[in-house]
Amino acid sequence: MSGNSGFRGKLYRDDGVVLRVQKLGESDRIITLLTRHHGRIRAVAKGVRRTTSKFGGRLEPFGHVDVQLLEGRSLDVISQVEGVDLFGRRFLEDYSRYTVASAIVETAERLTPIEQEPSLRLFQLTVGALRALALAEHACSLVLDAYLLRAMSSAGWAPALRECAVCGTAGPHRGFSIAAGGAVCPDCRPPGAAHPAPATIDLMTALMDGDWAVADAASGAHQREASGLVAAHLQWHLERSLRSLPLVDREERGQLRDFGKERP
């Protein structure tokens, strides 16, 4: 660490999800974590790329870990780590689940732009989504869309589904406008609004509410339509696309382009 040799940082402990891993020098890594109490942090893990490292294997993406850190001037230093549940080990060779997990952790990082700002709800959602992927109880695309909808709700960006996003009139409504903020009634529907199937809106509502009986029973066509709407809604608010999202399902690219045309 650089700076005054008299600097003495505090030790602290937290549990977190590994979002990203970057090489640093010949043997170190910078680990980006979303933690329960300290929000998103970046910390140095010294020597973890050496074969003799005691905890290098625990600091891989998608793992839920318990870490002890030493405060530093620029980056904190990881001094101890224990695996709580290393979810990634269960799907590293499963392309579908791996790409969904990549989209989840990228979203978590993008929704925490300020380091060390606590975001307990997003932490809980991220751990829950990765656990669901590891258990493989639901289609991975449904897990992703449920996560994205709830994460957007946590950020204050939830799409209107039960009422008109503009005037608040109770639905259901057939129009859906990304720019307007979700479902829109006939009086408020702007030009270019999408017209998703009613079952697609029902699916998005079920994913938001955690009604997996309804979500699991949805047809593939409605799942794909919902995925396009959810991804477009997220990317509208982020103002640029996620790098990992197009890898999840290449069939969604056409939908995403069409929904994205609403933005002037």
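Attention here is on the structure that accompanies the text. Keep in mind it's a predicted model, so treat the numbers as computed, not measured.

1. Observations regarding the pairing of strand E3 (residues 39-45)
Okay, step 1: With 6 of its 7 residues buried, E3 lies for the most part within the structure.
Okay, step 2: Counted along the chain from strand E2 (residues 28-35) to the antiparallel partner E3, the turn is 3 residues long.
Okay, step 3: By the bridge criterion, 2 bridges tie E3 to strand E5 (residues 76-86) in an arrangement that is parallel. Within E5, the position partnered with Val-44 by the bridge is Val-77.

2. Some details on the packing of aromatic side chains
Okay, step 1: Under the criterion given, the structure shown has 2 aromatic pairs.
Okay, step 2: Considering the side-chain rings of Phe-62 and Phe-91, the 5.7 Å spacing of their centres and the 45° angle between planes classify their relative orientation as tilted. A residue pair is termed long-range when its members are at least 10 positions apart, and Phe-62 in the loop between E3 and strand E4 (63-70) and Phe-91 in the loop between E5 and helix H1 (95-110) qualify at 29 residues. Grouping residues by exposure puts Phe-62 and Phe-91 together as buried.
Okay, step 3: Joined through ring pairs, the aromatic side chains of Phe-62, Phe-91 and Tyr-98 make up one cluster.

3. Considerations on the layout of surface pockets
Okay, step 1: In this model, the largest pocket occupies a volume close to 270 Å³.
Okay, step 2: Elements with a minimum of two residues in the lining of the largest pocket: strand E1 (11-24) and H1.
Okay, step 3: The dominant element in the lining of the largest pocket, judged by the number of residues it contributes, is H1, at 5 residues.
Okay, step 4: Taken together, the residues of the lining of the largest pocket sort by class into 7 nonpolar, 2 polar and 5 charged.

4. Some remarks on the nonpolar core
Okay, step 1: One finds Ile-104, Leu-130, Leu-133, Leu-144, Tyr-147 and Met-204 to be the most contacted residues of the largest nonpolar core, which totals 53 residues.
Okay, step 2: When contributions to this core are tallied by element, the ones reaching two or more residues are E1, H1, helix H2 (120-135), helix H3 (140-155), helix H4 (198-209), helix H6 (220-238) and helix H7 (245-248).
Okay, step 3: Here this core gets 10 residues from one element, more than from any other, and that element is H3.
Okay, step 4: What Tyr-147 contacts, discounting residues up to four positions off in sequence, is Ile-104, Thr-107, Ala-108, Leu-122, Leu-125, Thr-126 and Ala-129.
Okay, step 5: Ile-31, Ala-45, Val-48 and Leu-86 belong to the second largest nonpolar core, which has 16 residues in total.

5. What about H1?
Spacing of three or four residues puts side chains on the same side of an α-helix, whose turn is 3.6 residues.
Okay, step 1: Between its first and last C-alpha, H1 extends 22 Å over 16 residues, near the 22 Å set by a 1.5 Å rise per residue.
Okay, step 2: Among the 16 residues in H1, 13 count as buried, and that is most of the element.
Okay, step 3: Among the residues of H1, the N-terminal cap falls to Asp-94, whose side-chain oxygen and the backbone nitrogen of Ser-96 are separated by 3.2 Å.

6. Describing the side chain of Thr-112
Okay, step 1: Locating Thr-112 in the fold gives a position in the loop between H1 and H2.
Okay, step 2: Assessed through its relative accessible area of 5%, Thr-112 is described here as buried.

7. Observations regarding the packing of H1 against H2
Okay, step 1: At a closest axis distance of 10 Å, the pairing of H1 and H2 adopts a crossing angle of 175°. Classed by the angle they form, the pair H1 and H2 counts as roughly antiparallel. Of H2, the residues touching H1 (which contributes Arg-97, Val-100, Ala-101, Ile-104, Val-105 and Ala-108) are Leu-122, Thr-126, Ala-129, Leu-130, Leu-133 and Ala-134.

8. Considerations on the sheet that holds E5
Okay, step 1: Taken in spatial order, the 5 strands line up as E1-E2-E3-E5-E4 and close into a barrel, and their pairing is mixed. Neighbour to neighbour, the strand axes of the sheet diverge by 45° on average, direction disregarded.
Okay, step 2: Along the sheet, H1 makes contact with E1, E2 and E3, crossing E1 at roughly 115°.
Okay, step 3: Packing against the sheet, H2 makes contact with E1, E2 and E4, and its axis sits at approximately 60° to E1.

Rules used in this analysis
Residues numbered from 1 in each chain as written. Predicted model: local features only at pLDDT ≥ 70, side-chain atom pairs only at ≥ 80, totals over all residues. Heavy atoms only, no water. Buried < 20%, exposed > 50% of the residue type's maximum accessible area, 1.4 Å probe, protein only. Helix = DSSP H or I, 4+ residues; strand = E, 2+ residues; numbered from the N terminus. Pairing = 2+ DSSP bridges. Phe/Tyr/Trp six-rings, centres within 6.5 Å; stacked < 30°, edge-to-face > 60°. 1 Å grid on protein atoms, 1.4 Å probe; cavity = no way out; pocket = protein on both sides within 12 Å on 5 of 7 lines; lining within 4 Å. Points joined across faces, edges and corners; volume = space filled by probe spheres on them. Nonpolar A, V, L, I, M, F, W, Y, C, P; charged D, E, K, R; others polar. Core = buried A, V, L, I, M, F, W, Y, C linked by side-chain atoms within 4.5 Å. Contact = heavy atoms within 4.5 Å. Expected span 1.5 Å × (residues − 1). Polar contact = N/O pair within 3.5 Å; in protein donor to acceptor, adjacent residues only side chain to side chain. Axes fitted to C-alpha atoms, helices over the stretch in contact; angles between N-to-C directions. Parallel < 35°, antiparallel > 145°, perpendicular 65-115°, else oblique.

Such coordinate-based values are descriptive only and should not be taken to indicate function.
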